[in-house]
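An overview of the molecular structure
Residues per chain are reported as follows:
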Amino acid sequence: MKTIETNLREYGHYINGEFIGSSSNKKIERKNPATGELVATFSLGSKEDTHHAISVAKNEFENGSWPKMSGEERGRILSRLSRLILENAERLAVIESEEVGKPITDARGEIELGARVVEYVASLAQQIHGQSYNNIGRNRTGLVVKEPVGVVGLITPWNYPALVFCHKVPFALAAGCTTVVKPSEFTSGTTLEIAMLAEEAGIPKGVLNIVTGTGEEVGQAIVDSPDVDQISFTGSTSTGEKIQSGSAKHSRKVTLELGGKSSMIVFDDANLEEVLDAAMLGFMVNQGEECCANSRLLLHEDIADKFLENLVEKVKGVKIGNPNNENTQMGALIHEEHLEKVLSYIKSGIQEGARLLTGGKRLTGTEHKNGLFVEPTIFDQVTRNMKIFQEEIFGPVLSVIRFKAANEAIAIANNTKYGLANSIWTSDVNKALNVSHALRSGTVWVNTVFDLAPQLPMGGYKASGFGREMGTMAIDEFMEVKSININTGKWTPHY
Ligand code: NDP
């Protein structure tokens, strides 16, 4: 394990294998949202910086070695990257925790999962293959081949910067694409650190380029560029819609991983001891800044009162504070404006008549005075039309509704514009399967929650996006398919 550097980290863009400053010479300062300390500076990228990175990626795609390299070789390099991420895991976790405000223990889990995803992609790289047909007509051979899409622009959010990078970039690289990545302006550190590791692993210069800066400037320049062949985006539904409409004029492929409003459905035959811990994790994980948060708790009416009593008691004991402390269970929110947004949702819940069971306030005591902390908040007596039940809050706020029968629970869970990741808790396997089929979401967890495996695709129904990350199909997202129809006899016209 390498020594963990705690000094101020200063980064430039990473373009063509070099760290370079912005053409504007301006910087973004990132303060730890839990302590207010300055922890990093990033270059404030301009349109020119972005165009430079795109032209490097385009040149590398057209003339470089990466797109033509064998899958086996690309896989070997990605496997080295996975190992390097693990060797540097503690440093990456510290950076992730300081920039995002998440507990160090969660950040370690995130980095370790990211490394597992990269190792999985390495194993897929050499399995990319097409199809062949010798039964399509006399003297005809058909080949279906897959080719890398080209230059991919990848735009990522602030809540899981390292993990979302690993969900996207290695798949694009395994396909043979070249890339321009724009991380969130708040949390670019681990992306730039992983770029250094990628170079050490053997990824050629110019294949992976990172431009830091705002979505308005750098993100928009990626969207506006005719030289970007595909965009893979993770973030809010509203930004995703802008990216989709901006891409329409280039007729380009877009994959979108967007917001969510997912439910945890608890039947009366569930193991309620386990569900208590799961329900806490469901809305408090990553301070609730989690696209798959189970921020709606649907409780069977026979167990609701006692369950909520126990849940409130447990939630009151949660350790909220400095993410660097090994015992901390919940950290700080990302920035002041976001904290205000979360508090305004809590206010709206009270105004609309939901019953506040616990939480509801910003924490301001000695340990919390320099940070952006909100109490975990639970509302009972929530109704389907309330804002807190319909809108993505992206903070530690739980809305509870009771139900009598499975059909009613399904209807409540599906009553949302989103469709990302619901969970079901029951000991009846038939009920679990029937409800799983009826839920309109890209993931359904049964008697578990936030259980990610690199083999299982992730993505959304409805306003939660389209396209899938992880699993074998995630590489296909970054590939074009070409049919080659070969005549080996005398040619005659036919239809
Ligand atoms: P945003 O949509 O605000 O930002 C995501 C990224 O897009 C950032 O890098 C941002 O840049 C950039 N961006 C903003 N505007 C534009 C634009 N016009 N053109 C191109 N890029 C732009 O989301 P957040 O970062 O606030 O992340 C939170 C949201 O992400 C939540 O809604 C959450 O549900 C969703 N999310 C979804 C996940 C999923 O897998 N489905 C996973 C994680 C988060 P900037 O640096 O300026 O912010």
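Here is what the cut-offs are and how they apply
- Residues numbered from 1 in each chain as written.
- Predicted model: local features only at pLDDT ≥ 70, side-chain atom pairs only at ≥ 80, totals over all residues.
- Heavy atoms only, no water.
- Buried < 20%, exposed > 50% of the residue type's maximum accessible area, 1.4 Å probe, protein only.
- Helix = DSSP H or I, 4+ residues; strand = E, 2+ residues; numbered from the N terminus.
- Arc of directions from axis to C-beta.
- Contact = heavy atoms within 4.5 Å.
- Near = heavy atom within 4 Å.
- Polar contact = N/O pair within 3.5 Å; in protein donor to acceptor, adjacent residues only side chain to side chain.
- Areas by Shrake-Rupley, 256 points an atom, 1.4 Å probe, with all protein chains shown as cover.
- Pairing = 2+ DSSP bridges.
- Right-handed = clockwise from strand over helix to strand, strands pointing away.
- Domains from an automatic or database assignment.
- Buried area = accessible area lost by both parts, 1.4 Å probe.
- Salt bridge = Lys/Arg side-chain N within 4 Å of Asp/Glu carboxyl O.
- Nonpolar A, V, L, I, M, F, W, Y, C, P; charged D, E, K, R; others polar.

**A few points about helix α13 (residues 406–414)**
Taken together, the buried positions of α13 are occupied by A409, I410, I412 and A413. Buried residues of α13 fall within an arc of 165° about the axis and therefore sit on the same side. Residues of α13 that are buried make contact with β13 (263–266), β14 (296–300), α12 (387–390), β17 (397–403), β18 (421–425) and α14 (429–438).

**What to know about the site of the ligand**
Looking at the ligand, there are 27 residues lining it, with E185, G215, S236, L258 and E392 nearest. Taking W158, its side chain carries an N or O atom lying 2.9 Å from an oxygen atom of the ligand. Taking K182, its side chain carries an N or O atom lying 2.9 Å from an oxygen atom of the ligand. The protein chains hide 88% of the 900 Å² of surface that the ligand would expose on its own. Looking at the shell around the ligand, the elements with two or more residues in it are α7 (215–224), β11 (230–234) and α8 (237–248).

**Re the pairing of β11**
By the criterion of burial, β11 is predominantly enclosed, with five of the five residues buried. Going residue by residue along β11, you find Q230, S232 and T234 tucked away on one face and I231 and F233 tucked away on the opposite face as well. As paired strands, strand β8 (residues 151–155) and β11 are joined by four bridges and run parallel to one another. Each bridged residue has a counterpart across the sheet, and for G153 the counterpart in β11 is I231. Bridge count between β11 and strand β12 (residues 253–257): five bridges; the pairing is parallel. Across the sheet, residue F233 finds its bridge partner in β12, namely L256. Of the crossover connections in this fold, the one passing from β11 over α8 to the parallel β12 is right-handed.

**Here we look at the domain arrangement of the protein chain**
Segmenting the protein chain into domains produces domain 1 (9–258 + 464–482) and domain 2 (263–446). Relative to domain 2, the C-alpha centre of domain 1 lies at a distance of 31 Å. Across the boundary between the two partners, domain 1 contributes 24 residues, which contact 29 residues of domain 2. Summed over both partners, the interface of domain 1 with domain 2 buries about 2,000 Å², with 51% contributed by carbon and sulfur atoms. Linking domain 1 with domain 2 are one salt bridge, by the criterion used here. The salt bridge partner of R108 is E326, with a shortest N-O separation of 2.9 Å. Across the domain 1-domain 2 interface, the total number found is ten residue pairs in polar contact (both at pLDDT 80 or more). Contributing elements (two or more residues each) for the side of domain 1 that touches domain 2: α3 (89–100) and α4 (104–125). No other element matches α4, which puts four residues into the side of domain 1 that touches domain 2. Class assignment for the residues of the side of domain 1 that touches domain 2 results in nine nonpolar, nine polar and six charged.

**Some details on the side chain of S22**
Relative to the elements of secondary structure, S22 occurs in the loop between β3 (18–20) and β4 (27–31). Since its relative accessible area comes to 6%, S22 is described here as buried. Here S24 takes part through its side chain, which lies 2.9 Å from a polar atom of the side chain of S22. At a separation of 2.9 Å, a polar atom in the side chain of S22 contacts the side chain of D49. Residues in contact with S22, not counting those within four places in the same chain, are H13, S43, L44, G45, S46 and D49.

**Thoughts on unusual backbone geometry**
We note that N286 has phi near 55°; this positive angle belongs to a residue other than glycine. Locating N286 in the fold gives a position in the loop between α9 (272–284) and β14. Classification of N286 as buried rests on a relative accessible area of 2%. For F450, which is not glycine, the phi torsion reads 50° and is therefore positive. Along the polypeptide, F450 turns up in the loop between β19 (443–446) and β20 (465–466). You can call F450 buried: its relative accessible area is 19%.

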